[in-house]
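Structural characterization, general
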Amino acid sequence: MLPQFTKPITVADWQKRARNRLPRIVFDYLEGGAEDEKGLRRNREVFDYWALRPRRMADVATRSLGTTLLGKAMSMPLAVAPTGLNALFWPDGDLVLARAAERAGIPFILSTASNRSIEDVAASCDGDRWFQLYIVERQAAWDMIRRALETGYSTLVVTVDVAVNGLRERDIRNGFGMPLRYTPRILLDGALHPHWTLNLLRHGMPQLANFVTARSRDAHSQAALLKRQMDASFDWDALRQIRDLWPRRLLVKGLLNPQDASRAIALGADGVIVSNHGGRQLDSAPSPMTVLDAMVAAAKGAPVLVDSGFRRGADVVKALAMGASAILIGRPLLYGMAAAGGDGVDAVIAILRDEVDRTLAQIGCPEIGLLSRDFIMPAAPI
């Protein structure tokens, strides 16, 4: 066991450990954003625009982080965001994340670009499983919807902000692609990160498992997804078709315009996810936090989830006070997993849980459900 002073105590500590363990080309894929990465920076800096306004003399001797979302109880208002190619960071990364979510009592969202199939994850984990859908090719997407339905996924998350791939310049400069090309630079980087390299050699190069199952061997769609060549013709009528195919809870992810939120709810979506794809698509997109108020108003009581840039429990509390129903956490959990597998994911979840709980106590709010706009205000200019 590590001495206490060497243990990571923040998400930033786990980020440093992930950077040390992963080859640069892999860490840059995890960490990078679009173009100049100004969107990445705005996603973090926006939280400084808001201050929390405490209420004093409130009884916060006991506090509750539990909540209910879409009719299901959650231990806290967090969910594991959909992330692709997780086996690059840790063997069977999708299963590692799904099992950690189950232990924590929060939903896990499996990506279309996962390295374990819809069926594998369903057979291996009993928690609240959601499936995130990219529309690469219509019939392949409709088949994945049926597979998720047959294997008990409770919620379908349709991502709509990838009509074309974001210009991720780190990946272009590094020559990132799947399978990885073994250039001299990559071979040297692998030699300098022996633990990661041995795991890759032992377990093999990750595949997009949802396209190579016995049921679906779609090489064309797999290649398109790796290049992020999505169906750019996907429109509201196509979303209506998905609503007709999927009888359970449906969320639309990647919205930043209140008009789109209103239209999605009117079409039959059960809620929306405010997201700029973690700064990985449009570099000039606003941070979700800057439009959250308007999106909540447009949803007219339907759940509004949010992601992109969350690193602290106080960030989570600010979004909840502004009306968000839950927050999707992506990169922080990947830092933990890349550094220490399931133990790292558990540790990051515990850090965020403790920080949320501590923040509630500091602002005089004993329950997540009591958070409101009264607890948040614009911060003074720095």
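The coordinates are above.
Here goes a summary of the coordinates provided. Throughout this description, residue numbers start from 1 for each chain and increase along the sequence as written. Since the coordinates come from a predicted model, pLDDT governs what is reported: local features require at least 70, and pairs of side-chain atoms require 80 or more to be given and counted, while whole-chain, interface and lining totals use all residues. Water and hydrogen atoms were dropped before computing side-chain values, which therefore reflect all heavy atoms in the structure.

1. Some points on the overall build of the protein
For clarity, the threshold we go by: Counting from the N terminus, the helices are DSSP H or I runs at least four residues long and the strands are E runs at least two residues long. In this description the radius of gyration comes from C-alpha coordinates, and the expected globular size is given by 2.2 Å times residues to the power 0.38. Categorising residues by exposure relies on relative accessible area from a 1.4 Å probe, with only protein chains included: less than 20% of the type maximum marks a residue as buried, more than 50% marks it as exposed, and the intermediate range marks it as partly exposed. Residue contacts are counted whenever heavy atoms from the two residues lie within 4.5 Å of one another. Computed with the Shrake-Rupley method and a 1.4 Å probe, the accessible areas treat only the protein chains shown as cover for residues.
Within the protein, the regular secondary structure consists of 15 helices and 12 strands. For the protein, whose C-alpha radius of gyration is 20 Å, the value lies close to the compact-globule estimate of 21 Å for 382 residues. With the principal axes as the frame, the protein shows a C-alpha extent of 60 × 55 × 40 Å. Taking all 382 residues of the protein together, 57% fall into the buried category. If you take every contact in the protein between residues at least 6 apart in sequence, the share linking residues at least 24 apart comes to 73%. Accessible surface, the protein as shown: approximately 16,500 Å² in total, 53% of it carbon and sulfur.

2. Looking at the packing of aromatic side chains
To keep it simple, the criterion reads: Only Phe, Tyr and Trp rings are paired, with Trp represented by its six-membered ring, and only when their centres lie within 6.5 Å; those with planes under 30 degrees apart are stacked, over 60 edge-to-face, the remainder tilted.
Applying the stated criterion to the full structure yields 4 aromatic pairs. Ring centres of tyrosine 29 and phenylalanine 176 lie 4.6 Å apart, and the angle between their planes is 10°; this geometry places the pair in the stacked category. Pair noted here: tyrosine 29 is in helix H2 (residues 24-31) and phenylalanine 176 is in the loop between helix H7 (169-174) and helix H8 (184-191), with a separation of 147 residues, a long-range link. Look at tyrosine 29 and you get buried, because its relative accessible area is 11%. The class of phenylalanine 176 is buried, set by a relative accessible area of 18%. Centre to centre, the rings of phenylalanine 131 and tyrosine 153 are 6.2 Å apart; their planes meet at 75°, and the pair counts as edge-to-face. Linking phenylalanine 131 in strand E6 (residues 129-133) with tyrosine 153 in the loop between helix H6 (138-150) and strand E7 (155-159), this pair joins segments that are 22 residues apart in sequence. By relative accessible area, tyrosine 153 is classed as buried at 0%.

3. Notes on the layout of surface pockets
Rule in force here: Space inside and on the surface of the protein is sampled on a 1 Å grid over the protein atoms alone, with a cavity defined as a set of points where a 1.4 Å probe fits but cannot get out and a pocket as an open set with protein on both sides within 12 Å along at least 5 of 7 lines; lining residues have an atom within 4 Å of a point. Grid points are joined across faces, edges and corners, and a volume is the space filled by probe spheres set on the points. Amino acids outside the nonpolar list (Ala, Val, Leu, Ile, Met, Phe, Trp, Tyr, Cys, Pro) and the charged list (Asp, Glu, Lys, Arg) are all regarded as polar, and Gly is one of them.
Estimates place the volume of the second largest pocket at around 350 Å³. If you trace the second largest pocket, you find 20 residues lining it, with Thr159, Val160, Asp161, Phe234 and Asp235 closest to the centre. Elements that contribute at least two residues to the lining of the second largest pocket include exactly helix H11 (236-245) and strand E8 (249-255). If you tally residues by element for the lining of the second largest pocket, the top one is E8, at 3 residues. Among the residues forming the lining of the second largest pocket, the class breakdown is 13 nonpolar, 3 polar and 4 charged.

4. Structural notes on the side chain of threonine 159
Using the following cut-off: Two N or O atoms count as a polar contact when they lie within 3.5 Å, although within protein this holds only if one can serve as hydrogen donor and the other as acceptor, and sequence-adjacent residues are included solely when both atoms are side-chain atoms.
Positionally, threonine 159 belongs in strand E7. Polar contacts involving the side chain of threonine 159 include one to the side chain of glutamine 132, which spans 2.9 Å. For threonine 159, the residues in contact, after removing those within four places along its chain, are Gln132, Leu133, Tyr134, Lys253 and His277.

5. A word on the side chain of aspartate 161
Stated formally: Only four residue types enter the charge count: Lys and Arg as positive, Asp and Glu as negative, with His and the chain ends excluded. We define a salt bridge as a side-chain nitrogen of Lys or Arg found within 4 Å of a carboxyl oxygen belonging to Asp or Glu.
Along the polypeptide, aspartate 161 turns up in the loop between E7 and H7. In this structure, aspartate 161 is buried with no salt-bridge partner, the nearest side chain bearing the opposite charge being lysine 253 at 5.2 Å. Within the structure, aspartate 161 has its side chain in polar contact with the side chain of histidine 277 (distance 3.0 Å). With residues up to four places along the chain from it excluded, the contact list for aspartate 161 reads Lys253, Gly254, Ser275, Asn276, His277 and Gln281.

6. Some remarks on the nonpolar core
Defined as follows: To define a nonpolar core, start from buried Ala, Val, Leu, Ile, Met, Phe, Trp, Tyr and Cys residues and group those joined through side-chain atoms within 4.5 Å.
Counting residues in each nonpolar core, the largest one holds 105 residues, and the members touching the most others are Phe89 and Ile242. The biggest single contributor to this core is helix H15 (residues 331-363), with 13 residues. Discounting residues that sit within four places of it in the chain, isoleucine 242 has contacts with Leu133, Ile135, Trp142, Ile145, Leu156, Val158, Phe234 and Leu250.

7. What to know about the environment of threonine 151
Assignment of secondary structure puts threonine 151 in the loop between H6 and E7. Separated by 22 residues in sequence, threonine 151 and arginine 129 place their C-alpha atoms 9.7 Å apart. Not counting residues within four places of it along the chain, the set of residues in contact with threonine 151 comprises Ile118, Glu119, Ala122 and Arg129. One polar contact links the side chain of threonine 151 to the main-chain carbonyl oxygen of arginine 147, over a distance of 2.6 Å.

8. Comments concerning unusual backbone geometry
Most peptide bonds are trans, and most residues other than glycine sit at a negative phi. With an omega dihedral of 0°, the bond running from methionine 178 to proline 179 counts as a cis peptide bond. Mapped onto the elements of the fold, proline 179 is located in the loop between H7 and H8. Unusually for a residue other than glycine, histidine 277 sits at a positive phi of about 60°. Note on placement: histidine 277 falls in the loop between strand E9 (271-274) and helix H13 (288-299). You can call histidine 277 buried: its relative accessible area is 11%. You will see that lysine 300, though not glycine, has its phi angle at about 50°, which is positive. Looking at where lysine 300 falls in the secondary structure, it is placed in the loop between H13 and strand E10 (304-306).

9. Topic: the packing of helix H14 (residues 313-321) against H15
We count it as follows: To get an axis, a line is fitted to the C-alpha atoms, and for a helix only the part in contact is used. The angle between two axes follows their N-to-C directions and goes from 0 to 180 degrees. Our angle categories are set so that under 35 degrees counts as roughly parallel, over 145 as roughly antiparallel, 65 to 115 as roughly perpendicular, and the remainder as oblique. Crossing handedness: left-handed means the near helix sits turned counterclockwise from the far one by under a right angle, and right-handed means the same turn made clockwise.
It is the contact of H14 with H15, at a shortest axis distance of 7 Å, that shows an interaxial angle of 60°. The orientation of H14 relative to H15 falls into the category oblique. For the crossing formed where H14 meets H15, the hand is right-handed. Facing Gly313, Ala314, Val316 and Val317 of H14, the residues of H15 in contact are Leu352, Glu355, Val356, Thr359, Leu360 and Ile363. Split into classes, the residues belonging to the contact of H14 with H15 amount to 7 nonpolar, 2 polar and 1 charged.

10. Regarding helix H12 (residues 258-267)
For clarity, the threshold we go by: Relevant arc is that of directions from the helix axis to the C-beta atoms, nothing else.
Turning to H12, its buried residues are Ala261, Ala264 and Leu267. One face of H12 carries all of its buried residues, which in axial projection span an arc of 130°. For H12, the exposed residues set more than 90 degrees away from the buried face come down to Gln259 and Ala266. Elements in contact with the buried residues of H12: H11, E8, E9 and H13. Looking at where H12 begins, the residue whose side-chain oxygen comes 2.8 Å from the main-chain nitrogen of glutamine 259 is asparagine 257. Two residues or fewer past H12, glycine 268 is found with a positive phi of approximately 125°.

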